[in-house]
Amino acid sequence: MKLRNALSAVLLAAAGLAAPVATAPAAHADTLICDQYGSTTIGGRYVVMNNRWGSSAQQCINVTGSGFRIQTQQGSTSGGAPLSYPAVYLGCHYTNCSPGSPLPRQLSRIGSAPSSISYTYVGGVFNASYDIWLDPTPKTNGVNQMEVMIWFNRSGNIQPIGGRVGTTSIGGRGWEVWQGNNGGNDVVSYVAQSTLSGWSFNVLDFVNDVDNRTRVDRSWHLTSIQAGFEPWSGGVGLAVNSFSASIN
C-alpha cells in the first residue's frame, strides 16, 4: 500500500502502489473483474488491473478488448488516499508483466515511447492519471523510486502530492508541475491546465523534463507505463476507451 506523510494524506495520493495483482485469463469478450487485485490481459499486449488497494468496499471493472469501464464503486472517502487505481499498462507491476513486455528498459536504450489514450469522464471525485514508473534498476517488483503522474483531468477538491513548483509546456500543452514524496517514492506530477479526454504523445517528453528537475538520468530504467483513474467517491462509468504504448 502507499505511504503518505500527514500533510499530503489530507489532500491527495499517488497512483499504483499495491500488493501483487492476481492474474486471470486474457480477456476476449467483455470480462468483469471484482477481485481486489484481479487482472487480465487485452490485445495480447497489455494488462488491465482492478487494483483496489485503498478500500475494502467492492469495485468492479468491465474489461473490453481495448480498455475498461468502472461498473461498480461502493467505496467513498472524503480525503487522504484514493480508493484504488484501476488501470491498463505496458510493463511490469509487482511481478505481473504484460505479455512480451519490452520493459524494464534503460532510458539510454529508448529512442521514443509513443503512446495514445482516450478517456470517458463522469461525475465524482477522481483524477484521470497516466503513470510513468522509473527506477535505477530494472525492477519488476515492489516500489520504484520515481513516479511521474500526468493528470489528464481532476474532479473535486484534490491535488497532487507535494507542492506546486511552477508550470511548463510539454507536447504543445500547458501543465502545472508538482513535486513531492509520498513516503515510499518521489513523485513529479503534471496537471493539465485544461481537461484532456484523449491525446497521442511521446512519453519521453515527460521523462526528459523529470530528468532536468531531479536525480533521474539516462542510466535509470523505465519499468511501466499505466493509464487509469484514482477515484475518491463515485466514478461509475469512468472509462479508458483505448490505450496504446510502444518502446522504440
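The rules we used
Residues numbered from 1 in each chain as written. Predicted model: local features only at pLDDT ≥ 70, side-chain atom pairs only at ≥ 80, totals over all residues. Heavy atoms only, no water. UniProt positions renumbered as here; feature names shortened; annotations may be inferred. Salt bridge = Lys/Arg side-chain N within 4 Å of Asp/Glu carboxyl O. Helix = DSSP H or I, 4+ residues; strand = E, 2+ residues; numbered from the N terminus. Buried < 20%, exposed > 50% of the residue type's maximum accessible area, 1.4 Å probe, protein only. Phe/Tyr/Trp six-rings, centres within 6.5 Å; stacked < 30°, edge-to-face > 60°. Polar contact = N/O pair within 3.5 Å; in protein donor to acceptor, adjacent residues only side chain to side chain. Contact = heavy atoms within 4.5 Å.

Going by the annotation in an unreviewed UniProt entry, the name recorded for the chain is Glycosyl hydrolase family 12, with Amycolatopsis tolypomycina given as the source organism. Of the comments in the UniProt record for the chain, the one headed Sequence similarities (unreviewed entry) reads "Belongs to the glycosyl hydrolase 12 (cellulase H) family."

S.K.: Any chance you could explain the pattern of salt bridges here in plain terms?
M.R.: Two side chains bearing opposite charge may form a pair once their charged atoms approach each other closely. Counted under the stated rule, the structure contains four salt bridges. The salt bridge partner of E176 is R164, with a shortest N-O separation of 3.7 Å. Taken as a pair, E176 in strand β13 (residues 173-181) and R164 in strand β12 (residues 163-170) lie far apart in primary sequence, 12 residues in all. Residue E176 is classed as buried on the basis of its relative accessible area of 18%. Salt bridges here are not isolated pairs; linked through shared partners, they connect R154, R164 and E176.

S.K.: Is there a simple way to explain the packing of aromatic side chains in this structure?
M.R.: Two aromatic rings are characterised by how far apart their centres lie and by the angle between their planes. Counted under the stated rule, the structure contains 18 aromatic pairs. The interplanar angle of 65° and the centroid separation of 5.5 Å between the aromatic rings of Y119 and F152 together place this pair among those described as edge-to-face. Highlighted residues: Y119 in strand β9 (residues 114-120) and F152 in strand β11 (residues 146-155), separated in sequence by 33 residues. The exposure class of Y119 is buried, given its relative accessible area of 4%. Relative to F206, the ring of W175 lies with its centre 5.3 Å away and its plane at 80°, an arrangement referred to as edge-to-face. Placement of W175 in strand β13 and of F206 in helix α2 (residues 203-213) is noted, with a sequence separation of 31 residues between them. On the basis of relative accessible area, W175 is assigned to the buried category, the value being 0%. Residue classification places F206 among the buried residues on the basis of a relative accessible area of 0%.

S.K.: Even after reading the chapter, I still don't get the side chain of N62, so can you show me in this structure?
M.R.: Topologically, N62 is positioned in strand β4 (residues 59-63). Taking relative accessible area as the criterion, N62 reaches 15% and is therefore assigned buried. A distance of 3.1 Å separates a polar atom in the side chain of N62 from a polar atom in the side chain of D30. When sequence neighbours within four positions are dropped, the list of residues in contact with N62 reads D30, T31, L32, G67, F68, R69 and Q71.

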